[in-house]
Amino acid sequence: MPFKLDIVGETGLQFYGKMSASMSHEIKNVLSVIQEHAGLLEDFAVMAKQGGAIEPQRVSTLTTKIQGQIERANGIVKGMNQLAHSVDEPVKSLDLGQTLTLLVALSQRFASVRGVRLEPTLPSNAVTVTSSPFILQNLAWLCLDFAMQVAGNGKVVRLSVQPAGQGAQLKFSQLEGLGDKPAETFPGEQEKALLQALNAEVEMRIGEIVVTLPGDPTR
Amino acid sequence: MTERVLLVDDEQEFLDSLAERMQSRGMNVSKAATPAEAIMKTEKESFDAVVLDLKMAGMDGLEVLRIIKEKRPEIQVILLTGHATVEAGVEAMKLGALDFVEKPANLAELTKKIKEAQAKKMILVDKATEAKIKEIIQAKAW
């Protein structure tokens, strides 16, 4: 089948697939918890039919837990929805605080599996740029994925955004193991293609990765 | 005969509710919320079956399976997974898993597999005992 995907498109598909798989896995986990709680309530009902006493407090605790899981699932679905809508417009004005919040929501499970803690700091005032929402989200994920690999013994990645001239910077810091990785490891071909698409730059500093985004990529 | 089961999952609420339901059905259930705790418990206690989540924080479920089977080959491991892929299934079977159950798990199905695990473990233990007795008889010139 003679076809060739461009690197930005292929990287984007991989990212979308990875996030969808992760979130659907999380939803399965939530459904499993709800199923067991519901099963326990059913067990209580069976015992009551056989003359046993139901403890109202236990029923109440279980229903509260089910509500908590529903809220958790709602958060996951909200993240899926935001990611899906990030392809609606190729370029738009973006609040980077929201980009960061979505990034953390999408990545929490990957961080947890690696034993890494994500510590985002949201800006007190909105930091905005005009950019491609999906490509930026993809680049931010690839940077975070690498940052988690080089988090070192501290096992923490700090994330922040700040204005920089007409544009803004996205920072991944506290990377204790960054110096141990060969310089050519990052950015790779995929990151370079996304940086070029966004007209952005990446800089490796001591213990941190800094992505600088233009205020308007067309300038 | 009461089945001795170790449930391993990093979803604490799932662990608590499933354990309570299994206990009310006559099983003897222990819980582990981390891979390290699961490995430690299988080293110290005897179980007929370990019901093990495939994706956990800190260590991959397949790695936990490998360690358990290396140290206690008679323990039967049933893997719990969000998405049962063929690749993961083949890998798990190669490492000695008894079976797979996809989440959300059906308790009746899980109970059936636990009973199968117990029966298989008893056969393995009986064979090991028989081999040991033969070894003793051959070593002693009675």
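What counts and what doesn't
Residues numbered from 1 in each chain as written. Chains lettered and ligands numbered in written order. Predicted model: local features only at pLDDT ≥ 70, side-chain atom pairs only at ≥ 80, totals over all residues. Helix = DSSP H or I, 4+ residues; strand = E, 2+ residues; numbered from the N terminus. Rg over C-alpha atoms; globule rule 2.2 N^0.38 Å. Contact = placed C-beta atoms within 7 Å. Core = buried A, V, L, I, M, F, W, Y, C linked by C-beta atoms within 7 Å. Buried ≥ 20, exposed ≤ 12 C-beta atoms within 10 Å, placed from the backbone. Domains from an automatic or database assignment. Axes fitted to C-alpha atoms, helices over the stretch in contact; angles between N-to-C directions. Parallel < 35°, antiparallel > 145°, perpendicular 65-115°, else oblique. Left-handed = near helix turned anticlockwise from the far one by under 90°. Nonpolar A, V, L, I, M, F, W, Y, C, P; charged D, E, K, R; others polar.

Moving on, we get to the overall build of chain B. Of the regular secondary structure elements, chain B holds five helices and five strands. Listed by position from the N terminus, the elements making up chain B come as β-α-β-α-β-α-β-α-β-α. Computed over the C-alpha atoms, the radius of gyration of chain B is 16 Å, within 12% of the 14 Å expected from 2.2 N^0.38 for a compact globule of 142 residues. Each principal axis of the C-alpha atoms in chain B carries an extent, and together these give about 55 × 35 × 25 Å. Taking as baseline every contact in chain B between residues at least 6 positions apart, the subset at least 24 positions apart corresponds to 61%.

Here the focus is the nonpolar core. A general trend in soluble globular proteins is that nonpolar side chains are found buried together. Core analysis: the largest hydrophobic core is formed by 45 residues, its most contacted members being Leu-139, Cys-143, Leu-144, Ala-147, Val-157 and Leu-198 of chain A. Sorting the residues of this core by element identifies α1 (7–49), α3 (96–114), α4 (133–149), β4 (156–164), β5 (167–173), α5 (189–198) and β7 (208–213) of chain A as the ones contributing at least two each. Per-element tally for this core: the top contributor is α4 of chain A, with 12 residues. Two domains each donate at least three residues to this core, and these are domain 1 (7–85) and domain 2 (92–213) of chain A. In contact with Val-157 of chain A, not counting residues within four places along its chain, are Val-116, Leu-118, Leu-144, Ala-147, Met-148, Ala-151, Phe-172, Gln-174 and Leu-175 of chain A. Counting residues in hydrophobic clusters, the runner-up holds 36 residues, among them Val-8, Ala-32, Phe-47 and Val-64 of chain B.

This part is about the interface of chain B and chain A. At the junction of the two partners, chain B supplies 17 residues and chain A supplies 16 residues. Per element, the largest residue contribution to the side of chain B that touches chain A is seven residues, and it comes from helix α1 (residues 12–24) of chain B.

To continue, consider the packing of α1 of chain A against α5 of chain A. For any two helices packed against each other, the geometry is given by the interaxial angle and the distance between the axes. All names here are of chain A. The interhelical angle for the contact between α1 and α5, taken along N-to-C directions, is 110°, at an axis separation of 9 Å. With respect to α5, the element α1 is oriented roughly perpendicular. Our pair here, α1 against α5, has a crossing hand that is left-handed. For the pair α1 and α5, contact is made by Ile-7, Val-8 and Thr-11 and by Glu-189, Gln-190, Ala-193, Leu-194 and Ala-197, respectively. Residue classes in the contact of α1 with α5 are distributed as five nonpolar, two polar and one charged.

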